[in-house]
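These are the residues of each chain, in order.
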Amino acid sequence: MYVVVAQGSDAGPTLVDVDASGVETGRVTVPPDDLARTVREREAARPRWVWANTAAAYPPLLAAGTRVERCVDLRLCHAILRSSALTAASALAQAPASGWDAPRSRPPVPAAQDGLFDLAPAPAATLDPVAELRAQLDAVGHAGSEANRQNLLLAAESAGALVAAELTAAGVPWREDVHDALLSDLLGPRPAPGYRPRVLEERARDVRRLLDAPDLNPDSGPELLKALRHAGLGVSSTRSWELKDIDHPVIGPLLEYKKMSRLLAANGWHWLDTWVAGGRFRPTYVPGGVVTGRWASDGGGALQLPHQVRDAVRADPGWKLVVADAAQLEPRILAAMSGDAAMATAGRAADMYEGIVAAGAVETRTHAKYGMLGAMYGGTQGVSGQVLPQLTRAFPRAIGLVEQAARTGERGDVVSTWLGRTSPRPAADAEDAGPRGEWSERSGTQADLARARSWGRFTRNFIVQGTAAEWALSWMAILRQQLYALTLRESGAAGAATAPGAAAATSPDFRAGPHLAFFLHDEVMVHTPAHLADEVGELLRASAAEAGRLLFGPPGEAGVEFPVTVAIVDSYADAKD
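Residues numbered from 1 in each chain as written. Predicted model: local features only at pLDDT ≥ 70, side-chain atom pairs only at ≥ 80, totals over all residues. Heavy atoms only, no water.

Chemist: Explain the overall build of the protein chain to me, please; I cannot follow it from the model alone.
Modeler: Check the secondary structure of the protein chain and you find 20 helices and 14 strands. For the protein chain, with 577 residues in total, the buried portion stands at 51%. Contacts spanning at least 24 positions in sequence make up 66% of the contacts within the protein chain whose residues lie at least 6 apart. When the accessible surface of the protein chain is split by element, carbon and sulfur atoms take 52% of a total near 25,600 Å². (Helix = DSSP H or I, 4+ residues; strand = E, 2+ residues; numbered from the N terminus. Buried < 20%, exposed > 50% of the residue type's maximum accessible area, 1.4 Å probe, protein only. Contact = heavy atoms within 4.5 Å. Areas by Shrake-Rupley, 256 points an atom, 1.4 Å probe, with all protein chains shown as cover.)

Structural data, given as structure tokens:
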């Protein structure tokens, strides 16, 4: 059963009941102040809530103490169905662009929660959520025998949107005093506005002295490049990777300055004042923000959290952080997608790269790591290029799959992930694009060949990275439900339930028990009462295995395991060796 949350009138939003075939069975207008209570009460029936945008609809419900189990995020699902090769023949995919295709509006920083990520203004008729739900149900029907995979992707994407909103609501536990101490130790005490911290300014003076440039502003790229060249250094840029190869006394202090300057700009005191309040860092996640389906961040830089400040992430008194990291996720995903039994066997080792060595494919772990990265990302130089023939002989189905994806991209065709997310066409915005965006006949110039190979590298990785993102979404969706069930059990609410979801009307805040607090591609963090930490660790392992079964079926000859390393810590800095 679907319950569509529509805009309604001034009297309040309208809840529209829709059955599995898209037929409306009833509707009711709810006063705005009663929406959260009504949703909470109707959760007992386990509906799938349907709304235009989870990032706009869900935070106000969470703020009112209402958590939902399932939803359909029409905006995210529309983007998938619009471009999927599985639904290309559907009316939704072939229709002219509408308000559902409009980019979301970006909120100010820091982001307010109400109305977050609203769709760009469009005529009301084009944003009718009931009509859009019917169009999406029809589109999935065009996937035929692959409809189950497409439905799983839509469910995972929508569950991810719920997780993202809950991550922001829960926040990452953050000690402001520890962060301040870390910055003071690395950069010097907090300076007055407009001034550099003491240690950073000392490095700047060292750079000026060694370059004989007393007025140099080392934060200015053009000024720094000019000073380096004036000192006789034939550099083409000020990038750190180029500077590291130069033998000159200024290089050490300059690289140290650049590192400290990046920390100050990205996670310094201004960042702390802006993004941390009440002992919580509340980043803004963007599900599906990357074309492969990976998440992006629209504020706070959660996906680029540097190691220098991770010690500020501290569990509350009486609580623990349980951090799980999926080991060599993308090679395992490739083994599962390809059904390569030999590679699956190698993946049963705790360290898959060591398993590849044990299989006799290559001689060292370094060869295994860089060879597999080269196969998935298109590296042909150095170690990657040297060992690729050996990997191809050892794992022909796996390497053949990414090679086929690369050749497809080079021809200008599309590829799809395991569940059906489809890559864009390579020249959709190029001058030589045809009427559908496909590449026209190439002239065979070096530029054409280089562009073809570049897009082949993209499609080679698209199928692996995109499927890994689907696995991660499934992992979090399963874990989210298991953690909430644990919270209900601990509160005693679950004992009063007579059916799944029946305790929803009186259930506790999801933050009262173990809950997801942070996500980074293939790593999750759970904040939990200390006495539940070991049990949470087992749930993290079990849900990872279940995500693998959900996508790829039960283990068989080519069954692939998806182990995760689990650390129970007080500080995020202690989660990894």
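Chemist: Looking at this model, I keep getting lost on helix α6 (residues 147-170). Mind explaining?
Modeler: Given 3.6 residues per turn, any residue in an α-helix points the same way as the ones three and four places further on. For α6, with 24 residues, the first-to-last C-alpha span of 34 Å sits near the 34 Å given by 1.5 Å per residue. Most of α6 is tucked away, with 20 of its 24 residues classed as buried. Phi turns positive one or two residues past the end of α6, at G171, with a value near 75°. (Expected span 1.5 Å × (residues − 1).)

Chemist: Explain the pattern of salt bridges to me, please; I cannot follow it from the model alone.
Modeler: Pairing is possible between side chains that carry opposite charge, provided their charged atoms lie close to one another. As enumerated under the stated definition, the model contains 35 salt bridges in all. E202 serves as the salt-bridge partner of R198, at 3.3 Å between the closest nitrogen and oxygen. Here R198 pairs with E202, and both are found in helix α8 (residues 198-211), just four residues apart, close to one helical turn. One salt-bridge network, held together by shared partners, links R196, E201, R208 and D219. (Salt bridge = Lys/Arg side-chain N within 4 Å of Asp/Glu carboxyl O.)

Chemist: I tried to follow the sheet that holds strand β13 (residues 523-529) on my own but got confused; where do I start?
Modeler: The strands that make up a sheet pair up through hydrogen bonds in the backbone, lying either parallel or antiparallel. An order of β12-β13-β11-β14 is seen for the four strands of this open sheet, with the pairing classed as antiparallel. Unpaired on one side and paired on the other, β12 (515-519) and β14 (564-569) mark the two borders of the sheet. On average, each strand axis in the sheet is inclined to that of its neighbour by 25°, with strand direction left out of account. Of the pairings in the sheet, the one linking strand β11 (residues 319-326) to β13 comprises seven bridges and is antiparallel in character. (Pairing = 2+ DSSP bridges. Axes fitted to C-alpha atoms, helices over the stretch in contact; angles between N-to-C directions.)

Chemist: Looking at this model, I keep getting lost on the nonpolar core. Mind explaining?
Modeler: Generally speaking, soluble globular proteins have nonpolar side chains that are buried together. Formed by 124 residues in total, the largest nonpolar core has its most connected members in W174, I356 and W471. At 13 residues, the largest contribution of residues to this core is made by helix α19 (residues 446-491). Those residues in contact with W174 that lie beyond four places of it in its chain are H179, W271, L272, V276, G279, R280, F281, L305, V309, A312, V313 and R314. Of all hydrophobic cores here, the second largest spans 21 residues; its members include V3, L15, L61 and L488. (Core = buried A, V, L, I, M, F, W, Y, C linked by side-chain atoms within 4.5 Å.)

Chemist: How do you make sense of the side chain of T467 when you look at a structure like this?
Modeler: By the secondary structure assignment, T467 is in helix α19. For T467, a relative accessible area of 0% corresponds to the buried category. In this structure T467 touches I333, M337, T417, W418, F462, L551 and F552, once residues within four positions along its chain are discounted.

Chemist: Please explain the environment of W295 as it appears in this structure.
Modeler: Here W295 shows up in the loop between β9 (285-286) and β10 (296-297). Residues W295 and F519, spaced 224 residues apart in sequence, show a C-alpha to C-alpha distance of 9.3 Å.

Chemist: Explain the packing of helix α3 (residues 74-83) against helix α5 (residues 129-141) to me, please; I cannot follow it from the model alone.
Modeler: Each pair of packed helices can be summarised by the angle the axes make with each other and by the distance between the axes. Running from amino to carboxyl end, α3 crosses α5 at an angle of 35°, the nearest separation of the two axes being 11 Å. The hand of the α3/α5 crossing is left-handed. Between α3 and α5, the contacting residues are L74, C77, H78 and L81 on the first element and P129, E132, L133, Q136, A139 and V140 on the second. A per-class count over the contact of α3 with α5 returns seven nonpolar, two polar and one charged. (Left-handed = near helix turned anticlockwise from the far one by under 90°. Nonpolar A, V, L, I, M, F, W, Y, C, P; charged D, E, K, R; others polar.)

Chemist: Help me understand the packing of α6 against α19 in this model?
Modeler: Taken N-terminus to C-terminus, the directions of α6 and α19 make an angle of 60°; their axes are 9 Å apart at the nearest point. Considering the angle they form, α6 stands oblique to α19. Note on packing geometry: the crossing formed by α6 with α19 is left-handed. Residues L153, A156, E157, A159, G160, L162, V163 and E166 of α6 pack against E470, L473, S474, M476, A477 and R480 of α19. Partitioned by chemical class, the residues of the contact of α6 with α19 number eight nonpolar, two polar and four charged. (Parallel < 35°, antiparallel > 145°, perpendicular 65-115°, else oblique.)

Chemist: I would appreciate a short explanation of the packing of aromatic side chains in the present structure.
Modeler: Aromatic rings considered in pairs are described by the distance between their centres and by the relative angle of their planes. As enumerated under the stated definition, the model contains 13 aromatic pairs in all. Their ring planes at 25° and their centres at 6.2 Å tell us that W51 and Y58 sit as a pair that is stacked. When sorted by exposure, W51 lands in the same class as Y58, which is buried. Measuring from centroid to centroid gives 5.1 Å for W418 and F552, while their planes differ by 50°, and the two rings are tilted. With a gap of 134 residues between them, W418 in the loop between α18 (396-410) and α19 and F552 in helix α20 (residues 533-552) connect regions that are remote in the sequence. Residue W418 is classed as buried on the basis of its relative accessible area, which comes to 18%. Here the aromatic cluster, defined as three or more aromatic residues joined through ring pairs, consists of W418, W471, W475, F552 and F562. Seen from the ring of Y484, R67 lies directly overhead, with NZ or CZ sitting 3.9 Å from the centre. Sitting over the face of the ring of W418, R149 holds its NZ or CZ atom 4.0 Å from the ring centroid. (Phe/Tyr/Trp six-rings, centres within 6.5 Å; stacked < 30°, edge-to-face > 60°. Lys NZ or Arg CZ within 6 Å of the ring centre and 35° of its normal.)

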